[in-house]
There are 2 protein chains.
Amino acid sequence: MKRLPDKTVERLSQYRRTLNNQLAKGKTHIFSHEIANLLHITPVQVRRDIMLIGYSGTLRKGYDISEMIELIGTIIDTDQGVRIAVIGMGNLGKAFIHYMYEKRTKLKIVAAFDVNPDKIDKSYEDVYCYHLDKLEEIMIEKEISVAIIATPPEVASPLADRLKEAGIRGILNYTPRPLSPREGVYLEEHDMITSLEKVAYFVKN
Amino acid sequence: MKRLPDKTVERLSQYRRTLNNQLAKGKTHIFSHEIANLLHITPVQVRRDIMLIGYSGTLRKGYDISEMIELIGTIIDTDQGVRIAVIGMGNLGKAFIHYMYEKRTKLKIVAAFDVNPDKIDKSYEDVYCYHLDKLEEIMIEKEISVAIIATPPEVASPLADRLKEAGIRGILNYTPRPLSPREGVYLEEHDMITSLEKVAYFVKN
DNA sequence: TTAGATTTGTTAAAAATTTAACAGCTATTT
DNA sequence: AAATAGCTGTTAAATTTTTAACAAATCTAA
Ligand SMILES: NC(=O)c1ccc[n+]([C@@H]2O[C@H](COP(=O)([O-])OP(=O)(O)OC[C@H]3O[C@@H](n4cnc5c(N)ncnc54)[C@H](O)[C@@H]3O)[C@@H](O)[C@H]2O)c1
Ligand SMILES: NC(=O)c1ccc[n+]([C@@H]2O[C@H](COP(=O)([O-])OP(=O)(O)OC[C@H]3O[C@@H](n4cnc5c(N)ncnc54)[C@H](O)[C@@H]3O)[C@@H](O)[C@H]2O)c1
């Protein structure tokens, strides 16, 4: 398949979440305009994305929810699933773990790391927290390929170096200190203040 | 000034954050390529954004950091600042409050709301937590115009109705249940799983 | 069975965003 | 003081993303 547009990849993830919700409600089929309403985008965009991933619905019946969830899975999931570490077991780290807990997705948080003795060698919702010293060892042992950084901002950059050294493939940085890109490591960042300021700007205007 | 592109508004917030960091390090001027490196975007984009907000740097000296911070403030801040409520004082709500604490921005979290007696009538980092019953009353009293929803997903939608009724102007929804847009209320949503799945996808390919 | 209403799938057009190109200014060097 | 190098500001081009347009398929109901 041709490389999908970035924006489509982002939306696939949202489609799947929405589809799972609907499936749980007992629906088996769904129309493009229904998906669109749930995600406040346009039906055309939904259909176009679905076209791009090579799926087809049934005329006047819509899309088969299970099939589509399945297919999206084959596109955005890896076969064995992605194994993830959370670094920094503070509020944010815990919110993450809590959020992922019980979500049946191929993304699995398999370890947490911290430096605070109060947090180490305990489990939070089935995720065991190790001392940061064990990072390299556990990363290999658990085949971790993605890390979420939720530490204080000062340590983010050296941590990213260390992660790269240990073979990390992707980093999701929630620290407000943007990281410089590292060869071979996919980097994604998010800042709540940016989201908030955007809301504030558009509220004002 | 002409309406700024959405993407530019988002970046302005990031510029300011970066500029504040640099100012704190004692720098007074900065080049477009320096900003670009720190945020891993291109220098052209930085210059273009700066042009759009009508600021000018000095040739061969770059941009005056303080002036630019000031100017960005006049664009994305409101005069009196935006007064914000966090609803749901769990991990995520606390992470938010902790993050905003001591950040000198015009965005101010002035109240939190919850329904759990353990959380109510206590302060967390100077933010007082009220019972949700007091929502309307406190919203008026504290002139709250933006709400961050960090409750369990089930309550998000009725909550949004209630917020709208009480005159909210913007909602930042961190619940994984997308809200339908409400007339006159600017809505922004974010899902960590989407970010994660994006990382996972690009790590795989 | 024909007309009408829906809804998909696809191509084309439009809009938004990013990137490139380059002219012009300023400091520095020779 | 002339040449050079470093950066900015701006217009134009390229790319990406969204929206529109519409043919084709399927069901409903007259
Ligand atoms: N991007 C955003 O939108 C956003 C939102 C909230 C918080 N944040 C940021 O996320 C980070 C975490 O926020 P929080 O509220 O969870 O803070 P927190 O203080 O509750 O948690 C930080 C945790 O990191 C641990 N830690 C410290 N140094 C470490 C190291 N070297 N290695 C591993 N762990 C280490 C601490 O022991 C603590 O458990 C902060 O940098 C904060 O600024 C970002
Ligand atoms: N979008 C994301 O990226 C992301 C990430 C993490 C968590 N989440 C979501 O954010 C929400 C909060 O996560 P968390 O880890 O903080 O959960 P949490 O359980 O720690 O916190 C939820 C809080 O909301 C309170 N609450 C319950 N009902 C309420 C109501 N009607 N009004 C006000 N408060 C109420 C609870 O008492 C609790 O304090 C959840 O919906 C979770 O799924 C989203």
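Keep in mind the model is a prediction, meaning the values are calculated, not measured.

The rules behind these values
- Residues numbered from 1 in each chain as written.
- Chains lettered and ligands numbered in written order.
- Predicted model: local features only at pLDDT ≥ 70, side-chain atom pairs only at ≥ 80, totals over all residues.
- Heavy atoms only, no water.
- Near = heavy atom within 4 Å.
- Polar contact = N/O pair within 3.5 Å; in protein donor to acceptor, adjacent residues only side chain to side chain.
- Helix = DSSP H or I, 4+ residues; strand = E, 2+ residues; numbered from the N terminus.
- Nonpolar A, V, L, I, M, F, W, Y, C, P; charged D, E, K, R; others polar.
- Areas by Shrake-Rupley, 256 points an atom, 1.4 Å probe, with all protein chains shown as cover.
- Phe/Tyr/Trp six-rings, centres within 6.5 Å; stacked < 30°, edge-to-face > 60°.
- Buried < 20%, exposed > 50% of the residue type's maximum accessible area, 1.4 Å probe, protein only.
- Lys NZ or Arg CZ within 6 Å of the ring centre and 35° of its normal.
- Least-squares fit on C-alpha atoms with pLDDT ≥ 70 in both.
- Contact = heavy atoms within 4.5 Å.
- 1 Å grid on protein atoms, 1.4 Å probe; cavity = no way out; pocket = protein on both sides within 12 Å on 5 of 7 lines; lining within 4 Å.
- Points joined across faces, edges and corners; volume = space filled by probe spheres on them.
- Core = buried A, V, L, I, M, F, W, Y, C linked by side-chain atoms within 4.5 Å.
- Axes fitted to C-alpha atoms, helices over the stretch in contact; angles between N-to-C directions.
- Parallel < 35°, antiparallel > 145°, perpendicular 65-115°, else oblique.

Asker: What is the right way to read the protein's contact with DNA strand C from this model?
Answerer: Surrounding DNA strand C, one finds 23 residues, the nearest of these being S32(A), S56(A), G57(A), L59(A) and R60(B). Counting only atoms of DNA strand C within 4 Å of the protein, the sugar-phosphate share comes to 58%. In the environment of DNA strand C, a phosphate oxygen lies 3.0 Å from a nitrogen or oxygen atom belonging to the side chain of Y63(A). Within the contact set of DNA strand C, a phosphate oxygen lies 3.0 Å away from a side-chain nitrogen or oxygen of R11(B). Mapped by element, the contributors of at least two residues to the surface near DNA strand C are α2 (32–39) and α3 (43–52) of chain A together with α1 (6–24) and α3 (43–52) of chain B. A breakdown of the residues in the surface near DNA strand C according to their chemical character gives seven nonpolar, eight polar and eight charged.

Asker: How should the site of ligand 2 be read in this particular structure?
Answerer: Surveying the vicinity of ligand 2 reveals 25 residues, the closest of which are D114(B), T151(B), Y174(B), H190(B) and M192(B). Those residues lying near ligand 2 are distributed over chains A and B. In this structure, K119(B) approaches ligand 2 through a side-chain N or O atom, which is 3.3 Å from an oxygen atom. Backbone polar atom of M192(B) to an oxygen atom of ligand 2: 2.6 Å apart, as the coordinates give it. Notes on ligand 2: free accessible area 850 Å², of which the protein chains cover 87%. Breaking the shell around ligand 2 down by element, the ones donating at least two residues are α5 (91–100) of chain A together with α5 (91–100) of chain B. The dominant element in the shell around ligand 2, judged by the number of residues it contributes, is α5(A), at three residues. Here the shell around ligand 2 is built from residues that sort into 14 nonpolar, eight polar and three charged.

Asker: So what exactly am I meant to see when it comes to the packing of aromatic side chains here?
Answerer: Any aromatic ring pair is given by two values, namely how distant the centres are and how the planes are angled relative to each other. All names here are of chain A. Taken as a whole and assessed by the stated rule, the structure comprises twelve aromatic pairs over all chains. Relative to Y63, the ring of Y55 lies with its centre 6.2 Å away and its plane at 40°, an arrangement referred to as tilted. Since its relative accessible area comes to 12%, Y55 is described here as buried. Seen from their ring centres, F96 and Y174 are 5.5 Å apart, and the 80° between their planes marks the pair as edge-to-face. With a gap of 78 residues between them, F96 in helix α5 and Y174 in the loop between β8 (170–173) and β9 (186–189) connect regions that are remote in the sequence. Since its relative accessible area comes to 7%, Y174 is described here as buried. Within the aromatic cluster, the residues linked to one another by ring pairs are F113, Y128 and Y130. Positioned above the aromatic ring of Y124 is the side chain of K94, whose terminal nitrogen or guanidinium carbon lies 5.7 Å from the ring centre.

Asker: What's the story with the relation of the copies chain A and chain B in this structure? I'm lost.
Answerer: Here the two chain copies are tied together by a rotation about an axis and a shift along that axis. Turning chain A through 180° and shifting it by 0.0 Å along the axis lays it on chain B, with an RMSD of 0.0 Å. One copy is carried onto the other by what is essentially a two-fold rotation axis. Measuring from the rotation axis to each C-alpha of chain A, the shortest distance belongs to N91(A), at 2.5 Å. Taken together, the interface assignments show that 100% of the residues at the interface of chain A recur at the interface of chain B, consistent with an identical surface on both copies.

Asker: Would you take a moment to explain the protein's contact with DNA strand D for this structure?
Answerer: Around DNA strand D, the structure places 23 residues, and the nearest of them are R60(A), S32(B), S56(B), G57(B) and L59(B). Near the protein, meaning within 4 Å, the atoms of DNA strand D are sugar or phosphate in a fraction of 56%, with bases accounting for the rest. Here Q45(A) contributes a side-chain N or O atom positioned 3.2 Å from a sugar or linking oxygen of DNA strand D.

Asker: Explain empty space enclosed by the protein here, please?
Answerer: Which parts of space are left empty comes out when a probe the size of a water molecule is rolled across the atoms. Residue and element names in this part refer to chain B. All told, the structure shown has three cavities of 30 Å³ or more when counted by the stated rule. Around the largest cavity, the lining residues are A160, I171, L179, S180, P181, R182, V185 and L187. Taken together, the residues of the lining of the largest cavity sort by class into six nonpolar, one polar and one charged.

Asker: So what exactly am I meant to see when it comes to the nonpolar core here?
Answerer: Generally speaking, a soluble globular protein has its nonpolar side chains buried in company with each other. Membership of the largest hydrophobic core comes to 52 residues, with the highest contact counts inside it found for L196(A) and L196(B). Excluding its chain neighbours within four sequence positions, the residues that come into contact with L196(B) are I84(A), F96(A), M100(A), L107(A), V146(A), I148(A) and L172(A).

Asker: How do you make sense of the packing of helix α4 (residues 65–76) of chain A against helix α8 (residues 192–204) of chain B when you look at a structure like this?
Answerer: Between two packed helices, the angle of one axis relative to the other and the distance separating the axes together describe the packing. Interaxial distance between α4(A) and α8(B) falls to 9 Å at its minimum, and their mutual angle equals 55°. The pairing of α4(A) with α8(B) is recorded here as oblique in orientation. The segment α4(A) lies against α8(B), with T74(A), I75(A) and I76(A) engaging E197(B), Y201(B) and K204(B). In terms of residue class, the contact of α4(A) with α8(B) is made up of three nonpolar, one polar and two charged.

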